[in-house]
Amino acid sequence: MKQTHSMQTPLARVRGLGSAKSGLSHWWHQRLTAIAMVPIMVASLILVAQIGMLDYQGAIDLMANPLAATLLLLFVLVGFFHAALGLQVVIEDYVSNEGARMGLIITVKMISFALAVLSIVSILKVAL
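Residues numbered from 1 in each chain as written. Predicted model: local features only at pLDDT ≥ 70, side-chain atom pairs only at ≥ 80, totals over all residues. Heavy atoms only, no water.

Caption draft 1: Quick look at the environment of Ser-44. Relative to the elements of secondary structure, Ser-44 occurs in helix α2 (residues 22–52). We classify Ser-44 as buried; its relative accessible area is 4%. With 27 residues separating them along the chain, Ser-44 and Leu-71 place their C-alpha atoms 6.8 Å apart. Not counting the four nearest positions on each side in its chain, Ser-44 is found in contact with Leu-71, Leu-72 and Phe-75. (Helix = DSSP H or I, 4+ residues; strand = E, 2+ residues; numbered from the N terminus. Buried < 20%, exposed > 50% of the residue type's maximum accessible area, 1.4 Å probe, protein only. Contact = heavy atoms within 4.5 Å.)

Caption draft 2: How the structure looks around the nonpolar core. Judged by nonpolar contacts, the single largest core of 15 residues is most densely connected at Leu-47, Leu-72 and Ile-123. If you list the elements that add at least two residues to this core, you get α2, α3 (56–63), α4 (66–94) and α5 (98–127). By residue number, the principal contributor to this core is α4, which donates seven residues. Ignoring any residue separated from it by four or fewer positions in sequence, one finds Ile-123 in contact with Met-63, Ala-69, Leu-72, Leu-73 and Val-76. (Core = buried A, V, L, I, M, F, W, Y, C linked by side-chain atoms within 4.5 Å.)

In structure tokens form, the structure reads like this:
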């Protein structure tokens, strides 16, 4: 019988946990969202500066523009997704208890999702 040497622990072999390439996917998503946030952030800052110089009705009229609303929706979606990915990495790196780590990651994802939905509803309420 030929013996193979593995870097996996016996428990990992039993669980079937190995390289699922999820780390690479996570890394790529984080980098892509960071790159996407650069132009979105610049455009959003310009938009917010324009809104700040308008009166109430002017701000509402600007937000009724589909381009402005789409830009802010992209900012919210990409921003919250990127933030949740970053917080997950911090939690994975610094929380050693597996149960606490999983609970915190789930909590971060749920809060990010809830805040993203709240932001989207708020933008659409103003835009429509």
